[in-house]
Amino acid sequence: MRETIRDSWQRSRRHGIRPDRHLPPIELHDDLVGDLRREHPLARVWPMLCDTMRSVTSEPGNLIFASDADGRLLWMDGSNTDLRRAERVNLVLGARWSEEAAGTSGVGTALALRRPFQVQGAEHYLSAVTAYTCTAAPIRDPMTGASLGTIDLTHATKHSDAMVLSLMTTVARLAEAELRTIALQQQARTHARYGERLSRWSGTHSALVTADGQVVHAAPHGWLPARLPAALDEGQLVLPTGQAVIAERLAPGGPFLLVAHETDADQVLSLEALGRDRARLRVAGMTHELGGRHSELLTVLAANPGGLGADELRREVYGDAGKAVTLRAELARLRSVLGHRLASEPYRLTGQVAADFLDLDAAVVRDAPSTLLDRYPGPLLPKSAAPGVVMLRARLHERLRARLLAAGDVDTLLRWLNTRHGRADAEVIRSLDRLHG
């Protein structure tokens, strides 16, 4: 007996398998097999493998199988007669042929040894399958090195061919080459789709990274390794390299935009909306002149740090006649500017947020009236008719005006009357008359 077979038999014995009273368990029924197939990376190459092996499987007695990394058979091909014969020993879809479940076999031992392996006839640990010779080769993810499963050729032992091991090794390498081509094509499509987002961060340390950590593009080149060792999540992260980054999920299943976390100032989302028809936003070291609707959305969100549900936010910005689909479309466009700083369920701004109207509102009760006027270039988004903005604008304007009237400072009241938003204020005029009288 070969040493590798003897070692495998010893492992099989430790797993408690009885050679004459055991068949591999059928762990998956048809629906679960279908679900696993749809999600498994080998689904992309199985048709190509079938075509490659067509001349082999057309010969009587030959079957090919593809398993996942746990040894569960997900695909098989061969004649109906040979497939029915294989059913007797549970060589069927959903059966688990790992060493732990089936003892020494082509699939199980190839997975255990992590290399191509052939098990001939009586070398099988299970007596029921000694009529077969099984030759399997592992298939690995070419980008990560992780085991994906095996490709196996099973045939009658009397038809054994010494060249089969070389054949299956070549077929496995062919599958890996095809998977690499598919992965590179996917990376190219990802870069083409999100390259414009990446270009906005020109001059910074930024990168486009897949959900499983593959770096599609990094600028400048080399500031990140080709692959990150852990799956990513959205928000502020510290990579294994020690680099602090902000990760933004660009699509539900990835990829992510990574931007180096440079300074404390860049962490603050700053909004200027007083006296402006369109708000000015500064975030992550970049300044954006926002459109009218985005100005309203950000103003309402900044004023509600605890967040708003979709219906609440829709009413605050669009009124009762607003449509949810319109809100979602605007938020999707706004997310391209804010990235991970715009969270959902409820919709809210994350991290540090500063806004000129919020700062002024907090200062009304403590600062001198003249100082308050210096910080009030005009009402909040004066042309906006969004209900939430109208309420915020009126509240701040009245609080500031009441503070000036209560202070009774002539110079400050005169300054108020000389502004566009205060020149027709009758109550301030009457107050000045009383002060002069």
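Residues numbered from 1 in each chain as written. Predicted model: local features only at pLDDT ≥ 70, side-chain atom pairs only at ≥ 80, totals over all residues. Heavy atoms only, no water.

Student: Pulling in residues and values, what's your account of the packing of helix α14 (residues 387–407) against helix α15 (residues 410–417)?
Tutor: The N-to-C vectors of α14 and α15 enclose an angle of 145°; their axes lie 9 Å apart at closest approach. Note on element contacts: α15 touches α14 through T412, L413 and W416, opposite H397, L400, R401, L404 and L405. Considering only residue class, the contact of α14 with α15 consists of five nonpolar, two polar and one charged. (Axes fitted to C-alpha atoms, helices over the stretch in contact; angles between N-to-C directions. Helix = DSSP H or I, 4+ residues; strand = E, 2+ residues; numbered from the N terminus. Contact = heavy atoms within 4.5 Å. Nonpolar A, V, L, I, M, F, W, Y, C, P; charged D, E, K, R; others polar.)

Student: Lay out the pairing of strand β1 (residues 63–68) in plain terms, naming residues and giving numbers.
Tutor: Within β1, six of the six residues are buried, which leaves the element mostly enclosed by the surrounding structure. Note: β1 against strand β5 (residues 147–156), six bridges, orientation antiparallel. Pairing of F65 across the sheet is with D152, part of β5. In the sheet, β1 pairs with strand β2 (residues 73–77) via four bridges, with the strands oriented antiparallel. Looking at β2, one finds that F65 is bridged to M76. Between the end of β1 and the start of β2, which pair antiparallel, lie four residues, with G71 showing a positive phi angle near 85°. (Buried < 20%, exposed > 50% of the residue type's maximum accessible area, 1.4 Å probe, protein only. Pairing = 2+ DSSP bridges.)

Student: Can you break down the packing of aromatic side chains residue by residue, with the values?
Tutor: Geometrically, a pair of aromatic rings is defined through the distance of the ring centres and the angle of the planes. What the rule picks out here adds up to three aromatic pairs. Plain terms: the ring middles of Y376 and W416 are 6.2 Å apart, the flat faces sit at 10° to each other, and that makes the pair stacked. Of this pair, Y376 sits in the loop between α13 (369–374) and α14 while W416 sits in helix α15, placing them 40 residues apart in sequence. In this structure W416 comes out as buried when scored by relative accessible area, which is 1%. (Phe/Tyr/Trp six-rings, centres within 6.5 Å; stacked < 30°, edge-to-face > 60°.)

Student: Describe unusual backbone geometry, with residues and values.
Tutor: One can expect most non-glycine residues to show negative phi and most peptide bonds to be in trans. Residue P220 is bonded to the preceding A219 through a cis peptide linkage, with omega at 0°. Cis geometry marks the peptide bond from E345 to P346; its omega dihedral reads 0°. Here P346 is to be found in the loop between β14 (342–343) and β15 (348–349). Its identity is not glycine, yet N90 carries a phi of approximately 65°, on the positive side.

Student: Account for the layout of surface pockets, naming residues and giving values.
Tutor: The volume enclosed by the largest pocket comes to roughly 620 Å³. Taken together, 28 residues line the largest pocket, and the ones lying closest to its centre are R44, A183, Q186, T210 and D212. For the lining of the largest pocket, the secondary-structure elements that each account for two or more residues are α2 (30–39) and α8 (164–199). At nine residues, α8 tops the list of elements feeding residues into the lining of the largest pocket. Taken together, the residues of the lining of the largest pocket break down into 11 nonpolar, nine polar and eight charged. (1 Å grid on protein atoms, 1.4 Å probe; cavity = no way out; pocket = protein on both sides within 12 Å on 5 of 7 lines; lining within 4 Å. Points joined across faces, edges and corners; volume = space filled by probe spheres on them.)

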